[in-house]
Amino acid sequence: MKTIVCFGDSNTWGADPVTDTRFPFDVRWPGVLRRLLGDGCWVIEEGLPGRTTVWDDPIEGFKNGRDYMIPCLKSHMPIDLITIMLGSNDLKKRFSLSAFDVAEGAGVLVEIVQRSDAGPEGKPPKLLLIAPPPLAALPGTRLADMFEGAQEKSLKLAEQFRRMAQERGCELLNAGDVITSSPIDAIHLEADQHCRLAEAVAERVKSMLV
């Protein structure tokens, strides 16, 4: 049995942009991933709405991905593979970050995993970094003020994540190549996009676990 941890934010947690609630497990992309990978894999959801890469949120609190990464790794070890999809919340206006800094924040998490002993035989788990998809148009959505100016920055994330992944020698999937954010709230994924993301992740995971 292979253990896979999906570490992310509300799009890993399964926030539904239509109802502002949570999708059922079998609709959320980690749940779809478990079905696609079959009985030989155990997929663990570690999604937290509002989670950042490495930044303390002065309003929401307890959202810093760096603070929870090591406890997460220790809780679920031995981990064969971990996916990390974070960065969208770093684009909130309150953080005033560039796409470069968002990618560097994700890079800190990559380095924590690469230095860990949380994989089989005390080695690091295999790692698939997922660059989040660009935000949709924000004007008129309920999150427009919170993410003011974020769409333009989000269009640069793929390039910066690619640079960072190359520098740190980790596998990268650009989610923007396969999915789009919902126009309803500009941030979250609709059900069909969860399915498409799971299919893309499953294909990469199968090749990485050979």
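Our subject in this report is the structure included herewith. If you're wondering where the values come from, they're calculated on a predicted model, not measured in any experiment.

1. So, the packing of helix H2 (residues 29–37) against helix H7 (residues 191–208)
In the contact formed by H2 and H7, the axes pass within 8 Å of each other and the chain directions differ by 45°. Here H2 is positioned oblique relative to H7, judged by the angle of their axes. Once H2 is placed against H7, the crossing between them reads as right-handed. Residues Trp 29, Val 32, Leu 33, Leu 36 and Leu 37 of H2 form the contact with H7, whose participating residues are His 194, Cys 195, Leu 197, Ala 198, Glu 199, Val 201, Ala 202, Val 205 and Lys 206. The residue inventory of the contact of H2 with H7, partitioned by class, reads 11 nonpolar, 1 polar and 2 charged.

2. Looking at the side chain of Ser 116
Secondary-structure assignment places Ser 116 in the loop between helix H4 (99–115) and strand S4 (126–131). Since its relative accessible area comes to 15%, Ser 116 is described here as buried. Separated by 2.9 Å, the side chain of Ser 116 and the backbone oxygen of Val 113 make a polar contact. Among the polar contacts made by the side chain of Ser 116, one reaches the main-chain amide nitrogen of Ala 118 at a distance of 3.4 Å. The residues contacting Ser 116, other than those within four sequence positions of it, are Leu 73, Gly 122, Lys 123, Pro 124 and Pro 125.

3. So, the nonpolar core
Residues Met 69, Ile 82, Ile 84, Leu 129 and Phe 161 are the most contacted members of the largest nonpolar core, which totals 41 residues. Those elements giving two or more residues to this core turn out to be strand S1 (2–8), helix H3 (65–76), strand S3 (81–85), H4, S4 and helix H6 (157–168). The greatest single-element share of this core, amounting to 8 residues, is contributed by H4. Counting residues in each nonpolar core, the second largest holds 24 residues, with Leu 33, Cys 41, Met 208 and Leu 209 among its members.

4. Topic: the state of the cysteines
Within the structure shown, the criterion is met by 0 disulfides. Cysteine Cys 6 shares no disulfide, and the gap to the nearest cysteine sulfur, in Cys 72, comes to 10 Å. Classification of Cys 6 as buried rests on a relative accessible area of 0%. Residue Cys 41 stays outside any disulfide, its sulfur separated by 11 Å from that of Cys 6, the closest cysteine.

5. Some words on the packing of aromatic side chains
Summed over the entire model, instances satisfying the criterion amount to 1 aromatic pair. A ring pair is formed by Phe 7 and Tyr 68, whose centres lie 6.4 Å apart and whose planes are at 15°; its orientation type is stacked. Taken together, the residues Phe 7 in strand S1 and Tyr 68 in helix H3 connect sequence positions 61 residues apart. On the accessibility criterion, Tyr 68 (31% relative accessible area) is partly exposed. Its end group placed over the ring of Trp 42, Arg 34 keeps NZ or CZ at 4.1 Å from the ring centre. Arg 51 extends its terminal NZ or CZ atom over the ring of Phe 7, reaching a point 4.3 Å from the ring centre.

6. A word on H3
Spanning 12 residues, H3 covers 16 Å between terminal C-alpha atoms, matching the ideal 16 Å at 1.5 Å per step. Regarding H3, the residues found buried are Gly 65, Met 69, Cys 72 and Leu 73. What you see down the axis of H3 is that its buried residues fit within an arc of 95°, all on one side. Among the exposed residues of H3, those oriented more than 90 degrees off its buried face are Asp 67 and Ser 75.

7. Some details on the pairing of S4
Along any regular strand the residues' side chains alternate between the sheet's two faces. For S4, the tally of buried residues reaches 5 of 6 residues, placing the bulk of the element in the interior. Bridge analysis of S3 against S4 gives 4 bridges, and the strand direction is parallel. Looking across to S4, one finds that Ile 82 is bridged to Leu 127. With H4 bridging S3 and the parallel S4, this β-α-β connection has right-handed handedness. In terms of strand pairing, S4 meets strand S5 (residues 171–174) through 4 bridges, oriented parallel. Note on S5: the bridge partner recorded for Leu 129 is Leu 172.

So, how was this worked out
Residues numbered from 1 in each chain as written. Predicted model: local features only at pLDDT ≥ 70, side-chain atom pairs only at ≥ 80, totals over all residues. Heavy atoms only, no water. Axes fitted to C-alpha atoms, helices over the stretch in contact; angles between N-to-C directions. Helix = DSSP H or I, 4+ residues; strand = E, 2+ residues; numbered from the N terminus. Parallel < 35°, antiparallel > 145°, perpendicular 65-115°, else oblique. Left-handed = near helix turned anticlockwise from the far one by under 90°. Contact = heavy atoms within 4.5 Å. Nonpolar A, V, L, I, M, F, W, Y, C, P; charged D, E, K, R; others polar. Buried < 20%, exposed > 50% of the residue type's maximum accessible area, 1.4 Å probe, protein only. Polar contact = N/O pair within 3.5 Å; in protein donor to acceptor, adjacent residues only side chain to side chain. Core = buried A, V, L, I, M, F, W, Y, C linked by side-chain atoms within 4.5 Å. Disulfide = S-S within 2.5 Å. Phe/Tyr/Trp six-rings, centres within 6.5 Å; stacked < 30°, edge-to-face > 60°. Lys NZ or Arg CZ within 6 Å of the ring centre and 35° of its normal. Expected span 1.5 Å × (residues − 1). Arc of directions from axis to C-beta. Pairing = 2+ DSSP bridges. Right-handed = clockwise from strand over helix to strand, strands pointing away.

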